[in-house]
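# Coordinate analysis (summary)
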Amino acid sequence: MSVTLTITGDEASQASAAGSDLLHAITGETPTEMPPSDDEPKRIVDPATGIALIGVVLAIPGAVLAGLDIAARLRKRKELAEKVEATKRVLESTDSEGSLTISEVTISITGEPTDQIVDKLLDQMKG
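One structure accompanies this document, and this report is about it. (Residues numbered from 1 in each chain as written. Predicted model: local features only at pLDDT ≥ 70, side-chain atom pairs only at ≥ 80, totals over all residues. Heavy atoms only, no water.)

Turning next to the pairing of strand E4 (residues 97–102). Where strand E1 (residues 3–8) lies against E4, 6 bridges are found, and the strand directions are antiparallel. Looking at E4, one finds that Val 3 is bridged to Ile 102. With 4 bridges connecting them, E4 and strand E5 (residues 105–108) associate as antiparallel partners. In the strand pairing of E5, Leu 100 is matched with Ile 107. Between E4 and E5, which follow one another and run antiparallel, lie 2 residues, and Ser 103 among them has a positive phi close to 50°. (Pairing = 2+ DSSP bridges. Helix = DSSP H or I, 4+ residues; strand = E, 2+ residues; numbered from the N terminus.)

Structural data, given as structure tokens:
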């Protein structure tokens, strides 16, 4: 699974730190930043996420995955909600737009309520 955060706008560079925190909360990995080309928006890409997730899936028995700990999911939900809110605030204050792409599913950070974004993120992370 590949996770890409795309940030566009005149002040997009200011929003990249909040975006990096959000990606770290989603993947547990430190994202790498790809400098924008002249015609592309700024992107933060974490290519190691797919490899790390495959390793985790192969290492954990299916029974453990089926018994997802509700308390851990709630903690993750709270953490993600805080990171999404922080990212939204920075994007709004810098007049930037942001979207998150996970396995070909694009989630608008600036165009949807935080709860919907977190629900979509958690669905993509477990699926």
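On we go from here.
This brings us to the environment of Gly 111. Note that Gly 111 resides in the loop between E5 and helix H5 (114–126). We classify Gly 111 as exposed; its relative accessible area is 60%. With 13 residues separating them along the chain, Gly 111 and Gly 98 place their C-alpha atoms 8.6 Å apart. (Buried < 20%, exposed > 50% of the residue type's maximum accessible area, 1.4 Å probe, protein only.)

A few words on helix H1 (residues 12–27). Taking 1.5 Å per residue, 16 residues should reach 22 Å; H1 reaches 22 Å between its end C-alpha atoms and fits that length. Along H1, the sharpest change in direction is near 30° and occurs at Ala 18. Looking at H1, one finds that the buried residues are Ala 12, Ala 15, Ser 16, Ala 18, Gly 19, Leu 22, Leu 23, Ala 25 and Ile 26. Once H1 ends, the next one or two residues include Gly 28, with phi positive near 80°. (Expected span 1.5 Å × (residues − 1). Bend = angle between axes of the 7 residues up to and from the residue.)

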